[in-house]
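What the coordinates show
Single-letter residue listing:
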Amino acid sequence: MRNTYQTPVLDEPDLTTGDLELEERHSLRRVAGLSTELTDITEVEYRQLRLERVVLVGVWTEGSVDDAENSLTELAALAETAGSQVLEGLIQRRRQPDAATFIGRGKVDELRDAVIASGADTVICDGELSPSQLRNLEQQVKVKVVDRTALILDIFAQHAKSKEGKAQVELAQLQYLLPRLRGWGESLSRQGGGAGGGSGGGGVGTRGPGETKLETDRRRINQRIAKLRREIKAMRTVRETKRSRRQASGTPAVAIAGYTNAGKSSLLNRLTEAGVLVENALFATLDPTTRRTSAEDGRVYTLSDTVGFVRHLPHQIVEAFRSTLEEVAEADLVVHVVDGSHPDPEGQVSAVREVLGEVEADRVPELLVINKMDAADEETVLRLKRAWPDAVFVSARSGSGIQELRAAIAERLPRPAVDLRILLPYSRADLVARVHRTGQVLQSRHLDDGTEMQVRVDERLAAELEPFGC
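Residues numbered from 1 in each chain as written. Predicted model: local features only at pLDDT ≥ 70, side-chain atom pairs only at ≥ 80, totals over all residues. Heavy atoms only, no water.

1. Observations regarding the overall build of the chain
From N to C terminus, the chain includes 16 helices and 13 strands. With 470 residues in all, the chain has 47% of them scored as buried. In the form shown here, the chain has an accessible surface area of approximately 24,800 Å², with 48% of it arising from carbon and sulfur atoms. (Helix = DSSP H or I, 4+ residues; strand = E, 2+ residues; numbered from the N terminus. Buried < 20%, exposed > 50% of the residue type's maximum accessible area, 1.4 Å probe, protein only. Areas by Shrake-Rupley, 256 points an atom, 1.4 Å probe, with all protein chains shown as cover.)

Have a look at this one:
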């Protein structure tokens, strides 16, 4: 087969950072069925090229059958994002998950038959399994078993780019792994004890019953967790310093939050031309991006993209990414983005608000934005407009509704509280710039002695402008 690969041109003026990241993520992707010849792959693409064959299984405990099917559909999207090929999905109706096997003894046999018939090598459960449930299922179905939490952590590990993001993901993975450590064969054997322990002479320091490999691994994981927490705490200090500088300057902060793949990064690109990565995949971007922009009246504010949420977001993720999610809690406004084309947008809103409540961001004023209106049917649009009459309906892809969104954000930004009439000499152009940047200029005219302005500013800037009052 002739090689048609061409080296990408990196100096194109319209090529953004997000475009380059997307090109790298999609590079050297194998197309199934074209060739059986081995292809060189990058480490990032390893899991996507390997394509594990998986069977999904969920337990329907509450809600309607549509809710259960939507949850399993979302699990399938997560599995595909992680680089797996979904073969089949099973749902078990129970009052609560079985304490031993999650799905019950009878359903385990059916699951085993489905695995054999489909040739799957992995089972993914729509829930967080206890260590005993995980062990029992693997012993009975004879293939690897993964739960929803481990799947999401795997996606996060693939997509984390920054140093802080990688540290947060590793911390969450280790916290998940710690109670699930298991020994295999000789891994459970103890280190050799000394003569005092009744075994061969091992010398000073080795007498006694010894220590299992399991205990050694657990101690090392605890040490690594402690180190990662110290590193994240230091990074959190840097983030708080930057945040305090923005607050000291009086610049309002707007945080974009929402369900994963709702179009948060696309909206950020539309509003600020940030050029961040955009991909039709769950948790495509994890590292927060902050950009400055301005309202039509000249007021400057910051827009920050945050990590996406999902139903039953693992508590390890919430805890590890707490310093990042606190950007939402400290914001002046939360732009809550919802996928209007999703089968259950109401469920998305509930899941996001639940996570926002965990990080105490539910007190921040919220602007609901329904995205992807170009892909939603008319019936859904009418239903959502009746349910959320104050929401803004937009399409980040086509650009419709973006001006209305800009106006809605500007209307909800905190307005300065103090009205002043001042005469600033031309030598204080710095104060004129600050008034335009952080305040609101109601009237302005140029005189021989300086610029006469009717302004509305915050209390801190008003104190500095007081000597120039007229």
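Past the structure itself, the notes keep going.
2. Let's talk about the packing of helix 9 (residues 264-272) against helix 14 (residues 402-412)
Orientation of helix 9 relative to helix 14, taken along the N-to-C sense of each, is 85°, at an axis distance of 11 Å. When the axis of helix 9 is compared with that of helix 14, the two are roughly perpendicular. Contact residues: L267, R270 and L271 in helix 9; I402, L405, R406 and I409 in helix 14. When its residues are assigned to classes, the contact of helix 9 with helix 14 shows five nonpolar, no polar and two charged. (Axes fitted to C-alpha atoms, helices over the stretch in contact; angles between N-to-C directions. Parallel < 35°, antiparallel > 145°, perpendicular 65-115°, else oblique. Contact = heavy atoms within 4.5 Å. Nonpolar A, V, L, I, M, F, W, Y, C, P; charged D, E, K, R; others polar.)

3. Details of the sheet that holds strand 4 (residues 144-147)
An order of 2-1-3-4 is seen for the four strands of this open sheet, with the pairing classed as parallel. With partners counted over all chains shown, the strands left at the sheet margins are strand 2 (84-93) and strand 4, one partner each. Each strand of the sheet is rotated relative to its neighbour by a mean of 25°, with strand direction disregarded. Alignment of strand 3 (residues 122-125) against strand 4, held across four bridges, turns out to be parallel. Looking at the pairing, T122 lines up with K144 of strand 4. On the sheet, helix 4 (residues 105-118) packs against strand 1 (52-60), strand 2 and strand 3 and is oriented at approximately 160° with respect to strand 2. (Pairing = 2+ DSSP bridges.)

4. A look at helix 7 (residues 163-177)
Here helix 7 contains 15 residues, and its C-alpha end-to-end distance of 21 Å stays within 8% of the 21 Å for a straight helix at 1.5 Å per residue. Three or more residues of helix 7 are buried, namely E164, G165, A167, Q168, V169, L171, A172, L174, Q175 and Y176. (Expected span 1.5 Å × (residues − 1).)

5. Notes on the nonpolar core
Judged by nonpolar contacts, the single largest core of 75 residues is most densely connected at F309, L405 and I409. If near-sequence neighbours (up to four positions away) are discounted, F309 is found in contact with A257, G258, Y259, T260, L325, V352, V355 and L356. (Core = buried A, V, L, I, M, F, W, Y, C linked by side-chain atoms within 4.5 Å.)

6. Description of the pairing of strand 7 (residues 300-305)
Burial analysis of strand 7 places six of its six residues in the buried class, which makes it a mostly covered element. In strand 7, alternate side chains face the same way, and those of V300, T302 and S304 on one face and Y301, L303 and D305 on the other are all buried. Taken together, the six bridges between strand 6 (residues 289-294) and strand 7 define a ladder with antiparallel strand orientation. What sits directly across from R292, in strand 7, is T302.

7. Things to note about helix 12 (residues 345-358)
Taking 1.5 Å per residue, 14 residues should reach 20 Å; helix 12 reaches 20 Å between its end C-alpha atoms and fits that length. Taken as a whole, helix 12 has its buried residues at P345, G347, Q348, V349, A351, V352, V355 and L356. After helix 12 finishes, the residue E360 shows a positive phi value of roughly 60°.

8. Topic: unusual backbone geometry
A positive phi angle, near 75°, is found at F102, a position not held by glycine. Topologically, F102 is positioned in the loop between strand 2 and helix 4. In the Ramachandran plot, K372 falls in the positive-phi region, its phi being about 60° despite a non-glycine side chain. Tracing the backbone through its elements, the reader meets K372 in the loop between strand 9 (366-371) and helix 13 (378-387).

9. Digging into the packing of aromatic side chains
Enumeration according to the criterion identifies zero aromatic pairs in this entry. One residue, R93, lies across the ring of W60, its end atom 4.2 Å from the ring centre. (Phe/Tyr/Trp six-rings, centres within 6.5 Å; stacked < 30°, edge-to-face > 60°. Lys NZ or Arg CZ within 6 Å of the ring centre and 35° of its normal.)

10. Here's the deal with a negative patch on the surface
Residues E62, D66, D67 and E69 make up a contiguous surface patch of negative charge. Note that E69 resides in helix 3 (residues 65-81). (Patch = residues over 30% accessible without salt bridge, like charges linked within 9 Å, V, L, I, M, F, W, Y side chains within 5 Å. Salt bridge = Lys/Arg side-chain N within 4 Å of Asp/Glu carboxyl O. Lys, Arg positive; Asp, Glu negative; His and termini not counted. Charge placed at Lys NZ, Arg CZ, Asp CG, Glu CD.)

11. Quick look at the sheet that holds strand 7
Strand order in the open sheet formed by six strands is 6-7-5-8-9-10, with mixed pairing between adjacent strands. On the outer flanks of this sheet lie strand 6 and strand 10 (392-393), each paired with one strand and no other. Two elements, strand 5 (residues 253-258) and strand 8 (residues 333-339), share five bridges in a ladder whose sense is parallel. Paired with A255 across the bridge in strand 8 is V334. Contacting strand 5, strand 6, strand 7, strand 8, strand 9 and strand 10, helix 14 crosses the sheet at an angle of about 170° to strand 9.

Geometric descriptors of this kind do not, in isolation, establish any biological role.
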